[in-house]
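Chain by chain, the residues:
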Protein chains: 2
Amino acid sequence: MIRKKSYGHPFDTEAVVGSYTPLDGPLPFLTEEGGGRFSCPLDEDAVVYGLGENVRGINKRGWIYENACSDNPNHREDARSLYGAHNFLVVDGAQRFGVFVDYPGKVTFDVGYTDSSVLTIQTEEPDLTLYLIDGDSPEDIIRQFRSLVGRSYIPPKWAFGYGQSRWSYMTADEVREVAARYREAGIPLDAIYLDIDYMEGYKDFTVNQDAFPDLSGLSAELKEQGIRLVPIIDAGVKIEPGYPVYEEGVRQGCFCKDEDGADFVAAVWPGRVHFPDVLNEDARRWFGGYYKVLLEQGIEGFWNDMNEPAIFYSEKGLENAFAQIDTYRTENLDIHTYGALQGLVAGLKNSPEDYRSFYHRHKDGLVRHDRVHNLYGYNMTRAAGEAMEALEPEKRILLFSRSSYIGMHRYGGIWTGDNLSWWSHILLNLQMMPSLNMCGFLYTGADLGGFGGDTTEDLLLRWMALGIFTPLMRNHSATGTRRQELYRFPHVEAFRQIVSLRYVLLPYLYSEYMKAALGDGMYFRPLAFAYPEDAFARRVEDQLMVGESVMIAPVYQQNARGRYVYLPERMKLVRFGGSHQAGQNVLETVQEELLEPGHHYIDVALDEVVFFLRPGHLVPVSRGGRCVADVDFTHLKLLGYPEGGCPYELYDDDGFRKDYDDPAHITRIRVDGSGAIHTEGTAGKEIQWL
Amino acid sequence: MIRKKSYGHPFDTEAVVGSYTPLDGPLPFLTEEGGGRFSCPLDEDAVVYGLGENVRGINKRGWIYENACSDNPNHREDARSLYGAHNFLVVDGAQRFGVFVDYPGKVTFDVGYTDSSVLTIQTEEPDLTLYLIDGDSPEDIIRQFRSLVGRSYIPPKWAFGYGQSRWSYMTADEVREVAARYREAGIPLDAIYLDIDYMEGYKDFTVNQDAFPDLSGLSAELKEQGIRLVPIIDAGVKIEPGYPVYEEGVRQGCFCKDEDGADFVAAVWPGRVHFPDVLNEDARRWFGGYYKVLLEQGIEGFWNDMNEPAIFYSEKGLENAFAQIDTYRTENLDIHTYGALQGLVAGLKNSPEDYRSFYHRHKDGLVRHDRVHNLYGYNMTRAAGEAMEALEPEKRILLFSRSSYIGMHRYGGIWTGDNLSWWSHILLNLQMMPSLNMCGFLYTGADLGGFGGDTTEDLLLRWMALGIFTPLMRNHSATGTRRQELYRFPHVEAFRQIVSLRYVLLPYLYSEYMKAALGDGMYFRPLAFAYPEDAFARRVEDQLMVGESVMIAPVYQQNARGRYVYLPERMKLVRFGGSHQAGQNVLETVQEELLEPGHHYIDVALDEVVFFLRPGHLVPVSRGGRCVADVDFTHLKLLGYPEGGCPYELYDDDGFRKDYDDPAHITRIRVDGSGAIHTEGTAGKEIQWL
């Protein structure tokens, strides 16, 4: 059951769409301490799940999280905020409940940090709504929560293919080269991403005509090869006379205001910008309308960036800093003044003071930005999502964002932002996935290989072996770092095998994604959700369930030849890659082995991928392809561990239309005692054992 | 055998004291590529050990290290340099050899980063000396290397006690409070560290008379309680008329010069400073002499800091920065100019340009600092070490440094610098230990609990459980972070048990340290060194041998209840702590269990310490004490796993004198077939089974 209680004058975030029971009287589970503060004891065995995009483990205990959307490229284990604010958690201990703190400013979750046996929640101001959910299990609670906040975004099927990105591919020819080299190497590819340099002077909805003289032509040419271009869109609109988006935004009053009512001046890539006031419905419609400029050039997908919003500096902040710097000129700068100078310049960026200095014209009145800060990325992406709905009502468009709040999951996915080429970020990628899924963000993934820092081939191989399971599977890296397109490394064949396996597994992965999205379920689950009676499974932080049939346990340590894996039950180890012949279909490299429950050390070579199949479960696979459109979803093979009938619901559709709920998309598979496969459904799937 | 070959005009670092065979003709093992570049293939199974103070694993493969002493408080896994330059590594593969690159500027070790199958070494200029060592095993090679570079520093025995530090204990009363609260809590303590604020205005060899009106008295008062004060000494000498160290240094020409021959002006804590020219013998003697000021106040230990040397800014660098900032005032700062402004201010710190702008007056002539950069911390600590030898010839003084080069290990230890309260830094601490030991640095340890960032109680408990095995065992943290003195946490009893265990184990730990130091051996060893035939042991990155009898496998993951452990042979699991009665001697909590070789998951509670005892080996223990002086080293107990006689050489001495080689310090222990203990030696030890 879901109970709602409001405090003070809550802002309507529009996160919630479902139903709940208004609550009078005291809260269950939590102690109300007043002033936006709530707490509860955590018994020794309690596990705390959730909080979406944050660092640390699946179990969030032992740290303090400050959910305030932040452009923070240092995903260190002591980070308190990343790009998203996902204020939902589940306590699974002596008490079992979920809580969603619907509050658009900063929320602090002290999950046994100050006192290891206490959870404390604190909103910055005491105006909020709490939703409290009890249920039979964490999964039950999560499903109720998800029905409260609405169905998760569903991208086109091609967006489950592999994408290559870089800050930045600078010209059309460079993009063509990436496509050509992938095709030459025989490594599948569905998308190439355009980072900020495709624009003219970092101006949204423009294209640099010198570098990309014919984006429509390039888009069509690549689409012929099964590859789509996905350009970036930034939050800030450059202040430049003659630039239509700027001029129209000013004219129509669509930008955020400063305290004097003038358009607020901040700076990002192009220098000085205004921010579209996406919390205002008219401004949202106005800004969203511009995506049409790129749709008309054949673009079918976008990523929205810098929408925390990131601020390099504000005009006023910079003036103050210059004035302060002048006072340091004649001093003997010691630890204090030198530290102040360093802090002054570094602190220009994403300054809390700046966030307190501009305003939104929301339907309920003027609101200072910091009070609704966590809604900006949500509403920028909502602007795009609502526009797509209007512009392309029959067609799925790829859309994902850096910043987000719960509610945005209905409009688009997210990527997990500017991670680093760190081994520990493979594990962080894994651990963040179920936390995001709980909060509704199913279409998500990390920058494979790492965005900042320099990658190594072994890191990239290991990361890709996890990445083939994440719905958004994209390799992305920052300017100035070592290049990490897969064809640049000596072991191209190993990369080809690994990425090909993604396409082999697509019938299963897509089916599991769609069922999770349509049924308010999770695509990635902690082991404990599948094995609630297994005390050890509750402690496993580096393995995940992917859909209903598969458990993964990727290697994430350098120079390791394998890893320890915990099996909660008898499972089948399925191994791909390894000592194959050049050009061999990865499907033909499969090796299977039955393993007993318990602890195992499993060898996994750099060119191998392993996963674990649950008894009585199936994994439908294809023969792969060089892009999603190439994959034959009709003639499928089954990987299975047939015990007890193996009922499996396969979901498939054309991948473009939005008729998600058409029962014709379901094929029911069943295996009888003799091992014969029976299918039921109208999709005409032909399915055999591998 | 050790072979030497020189290139160009090498600078005499005085790292080497032992003998070698001059080599004519081509090098074995390495290909000479010219210009200070050397390379060799790395076969798939080769492990590369060494490089001392650096990030990443025991096996250094898969990264590029740039040994250039750096004040780098971000020990991220992509760091290329930390505070020390330890240019010794061992390749253990199809080829087996050690190489010491004796070159005092920057040396780059590309250990399979650019190409996973190639090791490349590159010195910044082609003037260097290589020492190549072959041998029967990595340990054999390391022992030869260590005899080449001379015996490792030996601290007084009290320095094996636990120390509490903080940036900073601000007054004598605050120091008294730390001592009193440790004694009240019953947690042993041997040292309290004084960080920069004990000085007057950050001036070396001064004491703030307001805050510490009677340092001699305080020192004596604490020594009565078995606690010693250990003050910090910084590299930079404040420019302040009337300050004797400054005035005398100027008068005697003891500071580094700029290109015009004037005393070079940089800045650190006090603002503008000069750097003592510690590469000059006279200046070294002059600077070292000042330690007497503190010795005379009862001080018996020092830590030398900021001696990379760290530079906040140089006078010229700051002037240039201010001028450049002026050009930005009128611009629309975009990604490029904004980035440049940020880089300009952040780049004031430890700027390569500054390191190229000052000079040392070395006996062989004027030398530009960057060419000998890695020798500065070494020679600052040598200045202190040589002074101690002159001032206190009969007494050991505690001395350790932040920056170092091989050779400095003869004069003092090192701590591993400004780490963070990160779980991954527990593992980094573990992995760095054997790498440092190889290079001669035996007296070493990390800031337990983490220097930067905010600790949590569970992190600190787990880190302490590793820290009790590191020779330098110190809890240290930065200003502004969460306080981490052990008595501040709820589970004081758990901390008491863990720290008490350090004192219980001291007879073993001290004995193993002394044997390693006197025999050019290692105190911490990778598993592969003890089990060279065990292919899996070569891959273990999170367990260590401590001395000859013990293997450790600390827990380093949050919310874990235990961990996987690999046993190369049958071993005895020894467990301390856990469900004990309040105040119980930790020795009485011991539990033992025999485990078979192979993979195990071992439960370890937050208040427990486990280690693993090798068959046929002994661990002599005491009943502990509140400080080292309290520990009874005469009546000892034995933990053992008696198979095959258990010969053990116990080393003990008074802990103050330098008569290290007196054979009377050795007691030989043997167990006969009936389990009776026999001892041989003049130290009068009384030893029984526990």
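Everything discussed here concerns the structure shown above.
**Q** I'd like a description of the overall build of chain A, backed by residues and values.
**A** When helices and strands are tallied, chain A shows 14 helices and 43 strands. Its C-alpha atoms give chain A principal-axis dimensions of about 80 × 65 × 55 Å. Per-residue burial over chain A gives 67% buried out of 690 residues. Expressed as a percentage of contacts within chain A between residues at least 6 apart in sequence, the contacts between residues at least 24 apart total 73%.

**Q** Help me get a handle on the sheet that holds strand β42 (residues 677-680) of chain A, residues and values and all.
**A** One key point about sheets: their strands pair by backbone hydrogen bonds, in either a parallel or an antiparallel sense. Residues and elements named next belong to chain A. Ordered by their spatial adjacency, three strands build an open sheet running β40-β41-β42, and the pairing between neighbours is antiparallel. In this open sheet, the two edge strands, each paired with only one partner strand, are β40 (648-651) and β42. Going from strand to strand, the sheet's axes swing by 25 degrees on average, the running direction of each strand aside. Bridge analysis of strand β41 (residues 666-671) against β42 gives four bridges, and the strand direction is antiparallel. Each bridged residue has a counterpart across the sheet, and for Ile-669 the counterpart in β42 is Thr-679.

**Q** Please give an account of the relation of the copies chain A and chain B that cites residues and values.
**A** Both copies of the chain are tied together by a single rotation about an axis and a shift running along it. Rotating chain A by 180 degrees and moving it 0.0 Å along the rotation axis overlays it on chain B with an RMSD of 0.0 Å. The two molecules are tied by a two-fold rotation axis, judged by turn and shift. Residue by residue, 100% of the interface of chain A is reproduced at the interface of chain B, so both copies engage with the same surface.

**Q** Requested: an account of the pattern of salt bridges, with residues and values cited.
**A** Residues and elements named next belong to chain A. Scanning the entire structure with this criterion turns up 118 salt bridges over all chains. Put simply, Asp-652 and Lys-157 hold a salt bridge, and the shortest N to O gap is 2.6 Å. Taken as a pair, Asp-652 in the loop between β40 and β41 and Lys-157 in the loop between α1 (138-149) and β13 (162-164) lie far apart in primary sequence, 495 residues in all. Lys-157 matches Asp-652 in its accessibility class, with the two residues each being buried. Note that Lys-316 and Asp-258 form a salt bridge whose closest N and O atoms lie 3.9 Å from each other. Of this pair, Lys-316 sits in helix α7 (residues 315-328) while Asp-258 sits in strand β17 (residues 257-258); the two residues are 58 residues apart in sequence, bridging distant segments of the chain. Lys-316 gets classed as partly exposed once you look at its relative accessible area, which sits at 44%. On the accessibility criterion, Asp-258 (13% relative accessible area) is buried. Shared partners join several salt bridges into a network, and the residues in it are Asp-71, Asp-305, Glu-308, Arg-402 and Asp-418.

**Q** Go over helix α13 (residues 492-518) of chain A with me, naming the residues and quoting the values.
**A** Residue and element names in this part refer to chain A. Its 27 residues place the ends of α13 37 Å apart at the C-alpha level, agreeing with the 39 Å of an ideal helix rising 1.5 Å per residue. The axis of α13 is deflected most strongly, by about 60 degrees, at Leu-505, and proline Pro-507 appears within four residues downstream. The element α13 is largely enclosed, with a buried count of 23 among its 27 residues. Positioned one or two residues after α13, Asp-520 has a phi angle of 55 degrees, which is positive.

**Q** Please give an account of the interface of chain A and chain B that cites residues and values.
**A** Facing 68 residues of chain A, the contacting portion of chain B comprises 68 residues. The junction of chain A with chain B conceals about 5,600 Å² of combined surface from both sides, 51% of it contributed by carbon and sulfur atoms. Counting every contact that joins chain A to chain B gives six salt bridges. The salt bridge partner of Arg-80 of chain B is Asp-454 of chain A, with a shortest N-O separation of 3.0 Å. Across the contact surface, chain A and chain B share 44 residue pairs in polar contact (both at pLDDT 80 or more). Elements represented by at least two residues in the side of chain A that touches chain B include exactly β18 (266-268), β19 (271-274), α7, α8 (335-346), β33 (562-567) and β36 (598-603) of chain A. Broken down by element, the side of chain A that touches chain B gets its largest block of residues, seven residues, from α8 of chain A. Within the side of chain A that touches chain B, the residues separate by chemical class into 31 nonpolar, 19 polar and 18 charged.

**Q** Report on the pairing of strand β34 (residues 571-577) of chain B, specifying residues and quantitative values.
**A** Residues and elements named next belong to chain B. The buried fraction of β34 amounts to seven of the seven residues, a majority that puts the element mostly inside the structure. Bridge count between β34 and strand β35 (residues 591-595): five bridges; the pairing is antiparallel. Following the sheet pairing, Lys-572 is matched in β35 by Leu-594. Alignment of β34 against strand β37 (residues 608-613), held across six bridges, turns out to be antiparallel. Residue pairing across strands places Lys-572 opposite Leu-613, the latter belonging to β37.

**Q** An account of the packing of α7 of chain A against α8 of chain A is needed here, citing residue identities and associated values.
**A** Residues and elements named next belong to chain A. The geometry of α7 relative to α8 is characterised by a closest axis approach of 11 Å and an angle of 160 degrees between their N-to-C directions. The angle between the axes of α7 and α8 places the two elements in the roughly antiparallel class. Here α7 runs over α8; the crossing is left-handed. Here Ala-321, Gln-324, Ile-325 and Tyr-328 of α7 lie close against α8, whose contacting residues are Thr-337, Ala-340, Leu-341, Leu-344 and Val-345. When grouped by side-chain class, the residues that make up the contact of α7 with α8 number seven nonpolar, two polar and no charged.

**Q** Which residues make up helix α4 (residues 244-252) of chain B, and what values go with them?
**A** Think of an α-helix as 3.6 residues a turn; residues three or four steps apart then line up on the same face. Residue and element names in this part refer to chain B. Those residues of α4 that fall on the buried side of the exposure criterion are Val-245, Tyr-246 and Gly-249. Axial view of α4: buried residues confined to an arc of 100 degrees, hence all on one face. In α4, the exposed positions angled more than 90 degrees off the buried face are occupied by Pro-244 and Arg-251. Buried residues along α4 sit in contact with β16 (237-238), β19 (271-274) and α5 (281-289). Just past α4, the residue Gly-253 takes up positive phi, approximately 65 degrees.

**Q** Account for the state of the cysteines, with residues named and values stated.
**A** Tallying each qualifying case throughout the model produces zero disulfides over all chains. Free cysteine: Cys-256 of chain A, not disulfide-bonded; nearest cysteine sulfur from Cys-254 of chain A at 10 Å.

**Q** Before we move on, can you summarise the sheet that holds strand β17 (residues 257-258) of chain B with the specific residues and values?
**A** Residue and element names in this part refer to chain B. Reading across from one edge, β17-β22-β23 is the order of the three strands in this open sheet, with antiparallel pairing throughout. Looking at which strands have only one partner, the edges of the open sheet turn out to be β17 and β23 (365-368). With four bridges connecting them, strand β22 (residues 358-362) and β23 associate as antiparallel partners. If you follow Arg-361 over to β23, its bridge partner there is Leu-366.

**Q** How would you sum up the packing of aromatic side chains? Please name residues and give values.
**A** Any aromatic ring pair is given by two values, namely how distant the centres are and how the planes are angled relative to each other. As enumerated under the stated definition, the model contains 97 aromatic pairs over all chains in all. Aromatic pair Phe-160 of chain A and Tyr-513 of chain A: ring centres 4.9 Å apart, planes at 75 degrees, arrangement edge-to-face. A residue pair is termed long-range when its members are at least 10 positions apart, and Phe-160 of chain A in the loop between α1 and β13 and Tyr-513 of chain A in helix α13 qualify at 353 residues. Its relative accessible area of 2% is what places Phe-160 of chain A among the buried residues. Relative accessible area serves as the criterion here: at 0%, Tyr-513 of chain A is assigned to the buried category. Seen from their ring centres, Phe-536 of chain A and Tyr-566 of chain A are 4.5 Å apart, and the 50 degrees between their planes marks the pair as tilted. Within this pair, whereas Phe-536 of chain A is found in the loop between α14 (527-530) and β31 (544-546), its partner Tyr-566 of chain A is found in strand β33, the two being separated by 30 residues in sequence. Above the plane of the ring of Tyr-243 of chain B lies Lys-203 of chain B, whose end atom (NZ or CZ) is 5.6 Å from the centre. In this structure, Arg-474 of chain B is placed above the aromatic ring of Trp-303 of chain B, and the distance from its NZ or CZ to the ring centre is 4.2 Å.

Each value, and the rule that gives it
- Residues numbered from 1 in each chain as written.
- Chains lettered and ligands numbered in written order.
- Predicted model: local features only at pLDDT ≥ 70, side-chain atom pairs only at ≥ 80, totals over all residues.
- Heavy atoms only, no water.
- Helix = DSSP H or I, 4+ residues; strand = E, 2+ residues; numbered from the N terminus.
- Buried < 20%, exposed > 50% of the residue type's maximum accessible area, 1.4 Å probe, protein only.
- Contact = heavy atoms within 4.5 Å.
- Pairing = 2+ DSSP bridges.
- Axes fitted to C-alpha atoms, helices over the stretch in contact; angles between N-to-C directions.
- Least-squares fit on C-alpha atoms with pLDDT ≥ 70 in both.
- Salt bridge = Lys/Arg side-chain N within 4 Å of Asp/Glu carboxyl O.
- Expected span 1.5 Å × (residues − 1).
- Bend = angle between axes of the 7 residues up to and from the residue.
- Buried area = accessible area lost by both parts, 1.4 Å probe.
- Polar contact = N/O pair within 3.5 Å; in protein donor to acceptor, adjacent residues only side chain to side chain.
- Nonpolar A, V, L, I, M, F, W, Y, C, P; charged D, E, K, R; others polar.
- Parallel < 35°, antiparallel > 145°, perpendicular 65-115°, else oblique.
- Left-handed = near helix turned anticlockwise from the far one by under 90°.
- Arc of directions from axis to C-beta.
- Disulfide = S-S within 2.5 Å.
- Phe/Tyr/Trp six-rings, centres within 6.5 Å; stacked < 30°, edge-to-face > 60°.
- Lys NZ or Arg CZ within 6 Å of the ring centre and 35° of its normal.

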